[in-house]
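Examining the three-dimensional arrangement
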Amino acid sequence: LVDYLGKQTASFLAYLCLNHNILVTKEKLIEMFWEDSKNPLNAMKFTVHRLRKCLEELPVSEAGSWILTQRGGYSFNCANLSLDIDALNIPLDVSSLNEEQTEALMQQYPGEFLPGLDQSWIYTYREQYWQLYLQRVQAAALSLAEHHHEEQAETLLKTRAFNYRGKKTILRNIALLEEETLDGK
């Protein structure tokens with residue numbers, strides 16, 4: 001996407017998609033993407049025009065109309081848009097995790113968020129979603145261990161999600177849970 005659109009235009013599209021169905025004001029967009037531009041309004045209009053042309057080339061009907069011009073700004077409105085990261089905002093029921101759900105959780109954050117883009121706003125989103133993912137993995141691993149599925153818990157923690165110290169802390173908690181269970185028998 002970055003090779004085709006360029007970093008700034010790809011970043012602009014990503015921002016609109018992440019805020020889909022929400023009006024993003026022209027002022028906010030200018031502040032984020034064209035703060036140093038001599039003519040930011042024209043730069044923004046050109047970017048929107050270019051994106052619409054690119055979207056029209058997609059083999060999807062009405063893709064060119066996904067970027068809506070609204071009073072005061074723009075929004076990205078695609079009825080069928082679902083982002084994989086939206087799953088991170090859905091509550092996770094860790095009490096009934098099975099192997100399939102554990103595997104799906106391991107694949108939920110497969111790599112870098114918005115690779116190839118390095119604008120400052122992306123780092124905030126990247127960190128936010130990474131932390132959500134880590135919280136889900138940790139909660140799931142601890143729940144699996146509490147329900148005597150230590151092997152699944154360890155497998156989950158072997159994902160690239162946790163550094164050595166994080167794994168060590170959680171594995172120590174799992175070991176303590178095992179000891180408490182043995183002591184309770």
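Treat the numbers as computed from the prediction; the structure is a model and nothing was measured. (Residues numbered from 1 in each chain as written. Predicted model: local features only at pLDDT ≥ 70, side-chain atom pairs only at ≥ 80, totals over all residues. Heavy atoms only, no water.)

**Notes on the overall build of the protein chain**
The cut-off we apply is this: Strands here are runs of E lasting at least two residues and helices are runs of H or I lasting at least four, both read from the DSSP assignment and numbered beginning at the N terminus. Think of it in three bands: with a 1.4 Å probe and only protein chains considered, a residue is buried below 20% of the maximum accessible area for its type, exposed above 50%, and partly exposed in between. Pairs of residues are marked as contacts when any of their non-hydrogen atoms sit within 4.5 Å. Shrake-Rupley sampling with a 1.4 Å probe provides the accessible areas, and residues are treated as covered by the protein chains on show and by no other component.
Scanning the protein chain for helices and strands turns up eight helices and three strands. Listing each helix as α and each strand as β along the protein chain from the N terminus yields α-α-β-α-α-β-β-α-α-α-α. Going through the 185 residues of the protein chain one by one, you find that 38% of them count as buried. If you take every contact in the protein chain between residues at least 6 apart in sequence, the share linking residues at least 24 apart comes to 62%. If you sum the accessible surface of the protein chain, you get close to 11,400 Å²; carbon and sulfur atoms cover 51% of it.

**Overview of a negative patch on the surface**
The cut-off we apply is this: Patch membership requires over 30% relative accessible area and the absence of a salt bridge. Like charges are linked within 9 Å, and nonpolar side chains (Val, Leu, Ile, Met, Phe, Trp, Tyr) within 5 Å. Salt bridges are identified by distance alone: a Lys or Arg side-chain nitrogen within 4 Å of an Asp or Glu carboxyl oxygen. Under this rule, positive means Lys or Arg and negative means Asp or Glu; His and the chain ends count for nothing. Note on charges: their place is set at NZ of Lys, CZ of Arg, CG of Asp or CD of Glu.
Taken together, the side chains of Glu99, Glu103, Glu151 and Glu154 present a region of like negative charge at the surface. Put simply, the parts of the chain that give the negative patch at least two residues each are helix H5 (99-106) and helix H7 (150-157).

**A word on the packing of aromatic side chains**
Cut-off, in case you're wondering: Between the rings of Phe, Tyr and Trp (Trp by its six-membered ring), a pair exists once the centres lie within 6.5 Å; its type follows the angle of the planes, with under 30 degrees stacked, over 60 edge-to-face, and the other angles tilted.
For the structure on display, the rule yields ten aromatic pairs. Here Phe12 and Phe33 contribute two aromatic rings whose centre-to-centre distance is 5.5 Å and whose plane-to-plane angle is 75°, an arrangement assigned as edge-to-face. One end of the pair, Phe12, is in helix H2 (residues 7-18); the other, Phe33, is in helix H3 (residues 26-33), and 21 residues separate them in sequence. Relative accessible area serves as the criterion here: at 0%, Phe12 is assigned to the buried category. Centroid distance Tyr15 to Trp121: 5.0 Å. Interplanar angle 85°. Geometry classified as edge-to-face. Separated by 106 residues along the polypeptide, Tyr15 in helix H2 and Trp121 in helix H6 (residues 120-146) bring together distant segments of the chain. Of the residues examined, Tyr15 reaches a relative accessible area of 8% and is grouped as buried. Connected via pairs of aromatic rings, a cluster forms that spans Phe12, Tyr15, Phe33, Trp34, Phe113, Trp121, Tyr125 and Tyr129.

**Digging into the pairing of strand S2 (residues 67-70)**
Convention followed: Here, strands pair whenever DSSP counts at least two bridges between them.
Bridge count for S2 against strand S3 (residues 73-76) is four bridges, and the pairing is antiparallel. In the strand pairing of S3, Ile67 is matched with Phe76. Hairpin geometry of S2 and S3 is characterised by an intervening segment of two residues between the two adjacent antiparallel strands and by a positive phi of about 90° at Gly72.

**Points about H2**
Residue pairs spaced three or four apart in an α-helix point in one direction, given the helix's 3.6 residues per turn. Heads up, the rule is: To estimate the expected span of a helix, count its residues, drop one, and scale the result by 1.5 Å.
In this model H2 runs 16 Å from its N-terminal to its C-terminal C-alpha over twelve residues, within 8% of the 16 Å that 1.5 Å per residue would give. Most of H2 sits out of view: ten of its twelve residues are buried.

**A few points about the environment of Ala141**
Take Ala141: it is sitting in helix H6. According to the relative accessible area criterion, Ala141 is buried, its value standing at 0%. Expressed as a C-alpha distance, the spacing of Ala141 and Ala153, which sit twelve residues apart in the sequence, is 4.3 Å.

**Here we look at the sheet that holds S2**
Convention followed: Axis lines are fitted through C-alpha atoms, for helices just across the contact stretch, and the angle between N-to-C directions can take any value from 0 to 180 degrees.
Taking strand neighbours across the sheet as the criterion, the three strands line up as S1-S3-S2 in an open arrangement whose pairing is antiparallel. Across the chains shown, the open sheet's two edge strands, defined by having one partner strand only, are strand S1 (24-25) and S2. Bridge analysis of S1 against S3 gives two bridges, and the strand direction is antiparallel. Residue pairing in the sheet places Val24 in a bridge with Tyr74 of S3. In this fold helix H4 (residues 40-56) packs onto S2 and S3, with an angle of close to 145° to the strand it touches most, S2.

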